[in-house]
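These are the residues of each chain, in order.
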Amino acid sequence: MAAAAVEKEEEQWTEEEWAEWEQAKRKAEMPMGSSPSTESIVSYVSCKVYLMDKLKCVEPGRLFFSEIPKGIDPRIQEMLQPIFSHINRDDHSERAAFLHITRALLKRCGWQG
């Protein structure tokens with residue numbers, strides 16, 4: 001029992017050790033390199049959309065880049081608004097993919113379903 005008590009006392013960290021540990025933790029959690037630009041990110045989308053066991057839309061696979069697809073109805077853009085944080089996200093490749101898929105579904109199913 002005495003050995004366990006001594007071991008427990010040895011586990012206590014000093015303020016200096018905690019500060020050192022916190023500094024090492026912050027350093028380890030820092031991102032490496034620099035973040036890629038929006039223009040350099042590509043999204044790949046492949047999907048099949050069913051409604052009541054009926055195939056409504058097939059996208060066999062397509063790459064999307066950082067630009068809003070041409071001919072997107074403003075109502076679709078309003079429906080899928082980007083979230084503004086510290087940068088504008090309206091031209092991200094992921095949003096372009098969602099806009100494209102939504103447009104395809106609305107062409108096939110209509111606005112009323």
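Values in this document were obtained by computation on a predicted structure and should not be read as measured data.

Caption draft 1: Structural view of the overall build of the protein chain. The secondary structure content of the protein chain amounts to four helices and two strands. Listing the helices and strands of the protein chain from first to last along the sequence gives α-α-β-β-α-α. Accessible area for the protein chain stands at about 9,500 Å²; split by element, carbon and sulfur atoms hold 56% of it.

Caption draft 2: Focus on the pattern of salt bridges. Applying the stated criterion across every chain, the model contains three salt bridges. For Lys 25, the salt bridge goes to Glu 29, with nearest N and O atoms at 3.9 Å. Of this pair, Lys 25 and Glu 29 both sit in helix α2 (residues 15–29), four residues apart, which is roughly one turn of the helix. For Lys 25, a relative accessible area of 35% corresponds to the partly exposed category. For Glu 29, a relative accessible area of 56% gives the class exposed.

Caption draft 3: View of the nonpolar core. Counting residues in each nonpolar core, the largest one holds five residues, listed as Val 45, Phe 64, Ala 96, Ala 97 and Ile 101. By residue number, the principal contributor to this core is helix α4 (residues 93–109), which donates three residues. Phe 64 has contacts with Ile 41, Val 42, Ser 43, Val 45, Ser 93, Ala 96, Ala 97 and His 100, leaving out every residue within four places of it along the chain.

Caption draft 4: Region of the structure containing the packing of aromatic side chains. Tallied over the full model, the rule gives three aromatic pairs. For the pair Trp 13 and Trp 18, a centre-to-centre distance of 4.7 Å together with 50 degrees between the ring planes defines the contact as tilted. Assessed through its relative accessible area of 44%, Trp 18 is described here as partly exposed. For the ring pair Trp 13 and Trp 21, a centre distance of 6.4 Å and an interplane angle of 65 degrees mean the geometry is edge-to-face. Note on Trp 13: relative accessible area 40%, which makes it partly exposed. Put simply, the rings of Trp 13, Trp 18 and Trp 21 pair up and form one aromatic cluster.

Rules and cut-offs
- The written sequence of each chain sets the order in which its residues are numbered from 1.
- Totals for whole chains, interfaces and linings use all residues, but because this is a predicted model, local features are given only for residues with pLDDT of at least 70 and pairs of side-chain atoms are given and counted only at 80 or more.
- Excluding hydrogens and water, the side-chain values take into account all heavy atoms of the structure.
- Runs of E in the DSSP output that reach at least two residues are strands. Runs of H or I that reach at least four are helices, and both are numbered from the N terminus.
- The method behind every accessible area is Shrake-Rupley, applied with a 1.4 Å probe, and residues are considered shielded solely by the protein chains displayed.
- The rule for a salt bridge is simple: a side-chain nitrogen of Lys or Arg has to be within 4 Å of a carboxyl oxygen of Asp or Glu.
- Accessibility here uses a 1.4 Å probe with only protein chains present; expressed as a share of the type maximum, an area under 20% marks a residue as buried, one over 50% as exposed, and anything in between as partly exposed.
- Buried Ala, Val, Leu, Ile, Met, Phe, Trp, Tyr and Cys residues that are joined via side-chain atoms within 4.5 Å together make up what is termed a nonpolar core.
- Contact criterion: two residues are considered in contact whenever any of their non-hydrogen atoms come within 4.5 Å of each other.
- For Phe, Tyr and Trp, rings pair up if their centres lie within 6.5 Å, where Trp contributes its six-membered ring, and each pair is then called stacked (planes under 30 degrees apart), edge-to-face (over 60) or tilted (otherwise).

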